[in-house]
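# Coordinate analysis (summary)
This is what each chain is made of:
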Amino acid sequence: MSINKQQDFGTPASDAQQTVTLEIDGFKVTAPVGTSIMRAAASIGIDIPKLCATDSIEPFGSCRLCVVQIEGGRGMPASCTTPVAEGLKISTQNQKLADVRRGVMELYISDHPLDCLTCSANGDCELQDMAGAVGLREVRYNPAGENHLGAVKDESNPYFSFDPSKCIVCSRCVRACEETQGTFALTIDGRGFDSKVSPSENQAFMDSECVSCGACVQACPTATLMEKSVIDHGQPEHAIVTTCAYCGVGCSFRAEMKGEQVIRMVPNKDGQANHGHSCVKGRFAFGYTTHKDRVTKPMIRASISDPWKEVSWEEAINHAASELKRIQQKYGKDSIGGITSSRCTNEEVYLMQKLIRAGFGNNNVDTCARVCHSPTGYGLKQTFGESSGTQDFDSVMEADVIMVIGANPTDGHPVFASLMKKRLRQAAKLIVADPRQIDLVRTPHIQADYHLKLRPSTNVALINALAYVIVTENLVDEDFVNARCDMESFSKWRTFIAQEQNSPEAAESITGVPAADVRAAARLYATAKNAAIYYGLGVTEHSQGSTTVIGIANLAMATGNLGRKGVGVNPLRGQNNVQGSCDMGSFPHEYPGYRHVANDDTRHLFEATWHTDLSPEPGLRIPNMFEAALDKTFMGLYVQGEDIAQSDPDTQHVHAALRSMECVIVQDLFLNETAKFAHVFFPGSSFLEKNGTFTNAERRISPVRKVMTPLAKYQDWEVTQMLANAMGYPMNYSHPSEIMAELASLTPTFAGVSYEKIDRLGSIQWPCNDEAPEGTPIMHKGEFMRDDGKGLFMLTGYVPTAEKVTPKFPLILTTGRILSQYNVGAQTRRTQNNVWHAEDILEIHPHDAEDRGINNQDWVGIKSRAGETVLRALVSERMQPGIVYTTFHFPESGANVITTDNSDWATNCPEYKVTAVQVTKVNQPSEWQKNYRAFSEDQLELLAQGRDGEEKETA
Amino acid sequence: MSHKIERLIKMANDISNFFNTETDKELAAEGVKKHLLRAWEPRMRHEIIAYYQQDGSGLSPLAKEAVKMLAAD
Ligand code: SF4
Ligand code: SF4
Ligand code: SF4
Ligand code: FES
């Protein structure tokens, strides 16, 4: 193994079709029009010295190290900024060029500290490399002269340091921040010798606009911007490609290692989802994997008021199996079940649902997607025939109009947001439909053309109004609809949508969005050459979540925005493997590949392969499991990698349900909130400790690779396998690739997927089968995936939510997430990302705050009909009056204590986005918080007692 | 009434609210019924049928119709 650096071609690739042929140092080379001479040379292994160019950003031509000579041409042009042309004859090396380059280097080095031996970049410094390449032997300028060697370091960012004394002012960082990330946080101040890089207006990084994505660190050729982990531990010695375990973008990374220690996570240039970019979470927030809170020994206890007892794996597995069997004997076969996680690999999820369906003998399996994207699965399956987004991420680069509905990509899907922002800066128009002024609405060089600031819970009314304009103003793409859609459903839909109640004017009183804006936005969307919709949890987490998804699908079909690049319906998935965990058959009514358990053909196929009879009845969904638990008919639960006690709505109800079960088994990295109610704890393995695959929001199956030994000895899938065997259902996989092979043999959309192919191609977008052996970036090209190949229109009547504001609860609370923290925060809270967000806060509009005498930083009580909690207030105009907003990353904030049991009609996805609340100024935590804090402290004490006991026994 | 049956009633009514937009009420009821069959665990279906047979007053007309069809199957 070696570190095997990724080649830098100096300038970005040209995507032109036309090519030219030229000669470089006597070698013929053919390159697309628009390619730089530098890149063309690199493509045949000729490295032209360079400093200010790197292939992730446009060339700048400032260092002049890359000069070349062109036969018959004048002067010495910079090869990074000079494009190839037919018949050119170029020399990259001769005496004259060498002299110029040496002169350039001499100037740079004269103002650069000569501490190479002790520099953190030693061995990975382009300045050092170039000094070697040009043969620099002496520096004639006076080292005692004016220089920047005394410049002060900026250590404010927790993950990287900025040492301006080493800066060569190549501006690669500035351009990376602009072009790659789109934040524009860095500038070059001053001119000539005085010029220097700094975050906007000479601030420290932490005080600037910087979002710590790491693009500048990646682009910096010197030690100026450097990961602190490299400064602390030295250069890594080998690298393994793997996939980020945080969000649904699914960025590919190189885990750069020293033995079994991760030194840094570097975004993979060949990554097909991220093309070498990353965000603060995947790039830097991996410290949780070795955090002291990791529980690494299996534990059991009889009751949740007992101390935990550390036991051997064998004992823990046997105990769990015998408990589950005992419960089934006492309460019946259907009295147990399990919950899979979007944070786990495809193979782990597949195995969980197999264990439940085949080993437990029922279909009581559900997944956390229940609480986020289950309406996407339902709505897109009904209309298009497949439960997934239609495009790849790169498709956005051909969109002319982008409509973002109920999503906050810059926080939730940062790397994709950077790509989207790039397209918006280039050409595309932007429509945002969101109650909140998300960052995308106004960000450097981007301004939304329309921000439809609708009231929470009125998505359907808005979507219908958009459709009304399209139908009544004759903006329907009749050719597309005729050729591709079910015409009966279309004419029904057209009649329904054209009713006056759906007009923007009628909808205005519901949505609060001016009719004129709706009309203009609808025209913009419908008349664009390519228009694409991106949506998130602001669509799904509503009582009409599925209806909105269907409405979005209707819009795209009616305007013919499907089946090619630049268009489509694109759900932005929250967690890394939401798509995958759903694909793997995590829903109680569906086998892998979204096939209903009542379908005899499918079931017999699984029965034959799994050698057992399977139940043809749908199992319990998560909220129904809770109900059944309170009813004493569901008494045992195996939860892998999920924290339902924190993430699910109506916390007090969930806690009561967990308390009433006889055996709760939790498999996780940490003693999470759910584990505080558990009887068996299986220590989990982090994404760095196991092999498998994740599937991102664009259906891309990417490899997850084990880079270190599991701290608790086993990878998660091995634990599930042991439990299955202990329960008497044999499983004998020796590697996750065998699990994938079994899945592929049973699932038509995965038929062509194998580890060997993933390794060869880097990643695969399903469907992957005989028709699409290398996968499918864009779906529904010729026809839809429904049985008859036609897209189905469905009627989307607006039904107001039952959650209404009243004098008692006059405000609407809506919830969301922020960039630095991830979901329930179990991982990110255990990293330095807390410097950006150390607690959940309540955002409230100045009017509402003033009415209640609330100031910034005050403690405020938030009360709904479900419960009450207390947070600090942030008075902010991002919210409209009447709406308050918070995140749910910290368990003690209890944001879900207030959310209610309202849910999507089709899938029971909770209505997180709408809760009627009252907010008042208070001076202490809520009763719930006090009780929960006490409970939580007790549980940590019971954990500590178990550990002490163990130490005493072994001592 | 237990929390649980209240919840099932609400779920059934929520489902029928979606299908209610369909003007052909027979088709609408069929849609609700299919959804119940497709997504509800047998325990839940039995309970809503039992509730419909004993009382049923909390169910919307369309939900009632669908549960009736479910009971008849
Ligand atoms: S870390 Fe990212 S956002 Fe911050 S300055 Fe660097 S490129 Fe810009
Ligand atoms: S910080 Fe690095 S990338 Fe930025 S100008 Fe200085 S040397 Fe170049
Ligand atoms: S959290 Fe998402 S955007 Fe950030 S690095 Fe990971 S996959 Fe990429
Ligand atoms: S690399 Fe071409 S001018 Fe700097």
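As the structure is a computational prediction, the values presented were derived from the model and not from experiment.

### Thoughts on the side chain of Glu803 of chain A
All names here are of chain A. Its location among the elements puts Glu803 in the loop between strand E30 (764–765) and strand E31 (811–816). By relative accessible area, Glu803 is classed as buried at 4%. Here Arg865 takes part through its side chain, which lies 2.7 Å from a polar atom of the side chain of Glu803.

### Quick look at the interface of chain B and chain A
In this assembly, 23 residues from chain B lie in contact with 35 residues from chain A. In total, chain B and chain A occlude about 2,500 Å² of area from one another, counting both sides; carbon and sulfur atoms represent 52% of this. At the surface where chain B touches chain A, the tally comes to 3 salt bridges. In this structure, Glu617 of chain A and Arg45 of chain B form a salt bridge, with 2.9 Å as the shortest nitrogen-oxygen distance. Taken together, chain B and chain A are joined by 9 residue pairs in polar contact (both at pLDDT 80 or more). Taken together, the elements giving at least two residues each to the side of chain B that touches chain A come down to helix H1 (3–19), helix H2 (25–39) and helix H3 (42–54) of chain B. Ranked by the residues each element gives to the side of chain B that touches chain A, the list is headed by H1 of chain B, at 10 residues.

### Remarks on the nonpolar core
With 66 residues, the main nonpolar core has Leu225, Ile402, Phe416, Met420 and Leu430 of chain A as its most contacted residues. The dominant element in this core, judged by the number of residues it contributes, is helix H12 (residues 414–426) of chain A, at 5 residues. Residues in contact with Phe416 of chain A, not counting those within four places in the same chain, are Val249, Phe393, Val396, Tyr534 and Leu572 of chain A. Ala629, Val664 and Phe677 of chain A together with Ala28 of chain B belong to the second-largest nonpolar core, a separate cluster that totals 62 residues.

### Some remarks on helix H21 (residues 600–610) of chain A
All names here are of chain A. Among the residues making up H21, those that are buried are Thr602, Arg603, Phe606, Glu607 and Trp610. One face of H21 carries all of its buried residues, which in axial projection span an arc of 135°. Within H21, the exposed residues directed more than 90 degrees away from the buried face are Asp601 and Ala608. Among the structural elements, helix H9 (346–360), strand E23 (590–591), strand E24 (595–596) and helix H26 (736–746) are those in contact with the buried residues of H21. With a side-chain oxygen lying 3.0 Å from the backbone nitrogen of Asp601, the N-terminal cap of H21 falls on Asn599. The first or second residue beyond H21 is His611, which carries a positive phi of 55°.

### Points about the site of ligand 2
Near ligand 2, the surroundings consist of 13 residues, among which Cys167, Cys170, Ser171, Cys173 and Cys220 of chain A are the closest. Looking at the shell around ligand 2 residue by residue, the class counts come to 9 nonpolar, 3 polar and 1 charged.

### Side note on the packing of aromatic side chains
Residues and elements named next belong to chain A. If you walk through the whole model with that rule in mind, you get 26 aromatic pairs over all chains. Ring geometry for Tyr591 and Phe606: centres 4.6 Å apart, planes at 15°, overall stacked. One end of the pair, Tyr591, is in strand E23; the other, Phe606, is in helix H21, with 15 residues separating them in the sequence. Connected via pairs of aromatic rings, a cluster forms that spans Tyr159, Phe160, Phe162, Phe205 and Phe284. Just above the ring of Phe784 sits the side chain of Arg484; from NZ or CZ to the centre is 4.6 Å.

### Digging into the pattern of salt bridges
All names here are of chain A. Overall, the coordinates contain 45 salt bridges over all chains when judged by the stated rule. Among the ionic pairs, Arg423 bridges to Asp400, the shortest N-O distance being 3.5 Å. Highlighted residues: Arg423 in helix H12 and Asp400 in the loop between helix H10 (374–384) and strand E16 (401–405), separated in sequence by 23 residues. Arg423 sits in the buried class, given a relative accessible area of 10%.

Analysis parameters
Residues numbered from 1 in each chain as written. Chains lettered and ligands numbered in written order. Predicted model: local features only at pLDDT ≥ 70, side-chain atom pairs only at ≥ 80, totals over all residues. Heavy atoms only, no water. Helix = DSSP H or I, 4+ residues; strand = E, 2+ residues; numbered from the N terminus. Buried < 20%, exposed > 50% of the residue type's maximum accessible area, 1.4 Å probe, protein only. Polar contact = N/O pair within 3.5 Å; in protein donor to acceptor, adjacent residues only side chain to side chain. Contact = heavy atoms within 4.5 Å. Buried area = accessible area lost by both parts, 1.4 Å probe. Salt bridge = Lys/Arg side-chain N within 4 Å of Asp/Glu carboxyl O. Core = buried A, V, L, I, M, F, W, Y, C linked by side-chain atoms within 4.5 Å. Arc of directions from axis to C-beta. Near = heavy atom within 4 Å. Nonpolar A, V, L, I, M, F, W, Y, C, P; charged D, E, K, R; others polar. Phe/Tyr/Trp six-rings, centres within 6.5 Å; stacked < 30°, edge-to-face > 60°. Lys NZ or Arg CZ within 6 Å of the ring centre and 35° of its normal.

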